[in-house]
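So the chains spell out like this:
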Amino acid sequence: MESNHHHFMGLALEQARRGLSEGNSPIGSVIVRDGTVIGEGHNTVTTDLDPTAHAETMAIRDACRKLGTTDLAGATCYTTVEPCPMCCWMIVRSGIRHLVLGARYAGLPDADVGDYTVEGLVALTAKSLDVVTGVRVEECIAVRDQGSA
């Protein structure tokens, strides 16, 4: 399973680099079900002039369009940086129950989210989300830092 996490986080990193090359924040995400990528996305906030166009949102939108449903039960979301509260809630509401993270906000020196964690947000609800952390963290931070330079 861990090698799969490494592989799929690599695909999310490719999405992050794509976002950076387009002038957006370098954050990427892929949605996987049954070992197959069903959605992918990267941050397009700047190029789309859309404050909701975060990587996770774009990947979920892509998966829902491809599958013709808003139900992503059984899927896993891989993302290079911990999802913001908006994206975290969208992950939960779409039926995704597994989240694999690269960088955590707590590990980013310029994070502006206080004490927020995905686990803290989910704990406020009657929902559940299995969270795996520590996957390719250094690479995820390095790509994200390229966007801050």
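Residues numbered from 1 in each chain as written. Predicted model: local features only at pLDDT ≥ 70, side-chain atom pairs only at ≥ 80, totals over all residues. Heavy atoms only, no water.

Another aspect to go through is the sheet that holds strand E1 (residues 28-33). Ordered by their spatial adjacency, 5 strands build an open sheet running E2-E1-E3-E4-E5, and the pairing between neighbours is mixed. Each having just a single partner strand, strand E2 (36-42) and strand E5 (130-132) make up the two edges of the open sheet. The average undirected angle you get between the axes of adjacent strands in this sheet is 20 degrees. Sheet topology places E1 next to E2; 6 bridges connect them, and they run antiparallel. Pairing of Arg-33 across the sheet is with Thr-36, part of E2. Lying over the sheet, helix H6 (residues 137-146) contacts strand E3 (76-81) and strand E4 (98-103), oriented at roughly 65 degrees with respect to E4. (Pairing = 2+ DSSP bridges. Helix = DSSP H or I, 4+ residues; strand = E, 2+ residues; numbered from the N terminus. Axes fitted to C-alpha atoms, helices over the stretch in contact; angles between N-to-C directions. Contact = heavy atoms within 4.5 Å.)

Per the stated rule, a full pass over the model turns up 2 aromatic pairs. Relative to Tyr-78, the ring of Phe-8 lies with its centre 5.4 Å away and its plane at 45 degrees, an arrangement referred to as tilted. In this pair, Phe-8 is assigned in helix H1 (residues 2-21) and Tyr-78 in strand E3, connecting sequence segments 70 residues apart. In this pair, the class of Phe-8 matches that of Tyr-78, namely buried. (Phe/Tyr/Trp six-rings, centres within 6.5 Å; stacked < 30°, edge-to-face > 60°. Buried < 20%, exposed > 50% of the residue type's maximum accessible area, 1.4 Å probe, protein only.)

This paragraph deals with the nonpolar core. Core analysis: the largest hydrophobic core is formed by 39 residues, its most contacted members being Ile-31, Ile-60, Leu-72, Ile-91, Ile-96, Leu-99 and Leu-129. Counting only elements with at least two residues in this core, the list comes to H1, E1, helix H3 (55-67), E3, helix H4 (85-93), E4, helix H5 (118-123) and H6. Excluding its chain neighbours within four sequence positions, the residues that come into contact with Leu-129 are Cys-88, Ile-91, Val-92, Ile-96, Arg-97, His-98, Leu-99 and Val-122. (Core = buried A, V, L, I, M, F, W, Y, C linked by side-chain atoms within 4.5 Å.)

With that settled, the discussion passes to H4. Taken residue by residue, H4 has Cys-87, Cys-88, Ile-91 and Val-92 as its buried positions. Considered in projection along H4, the buried side chains sweep an arc of 140 degrees and stay on one side of the axis. If you follow the buried residues of H4, they end up packed against H3, E3, E4 and H5. A positive phi of about 95 degrees marks Gly-95, the residue just after H4. (Arc of directions from axis to C-beta.)

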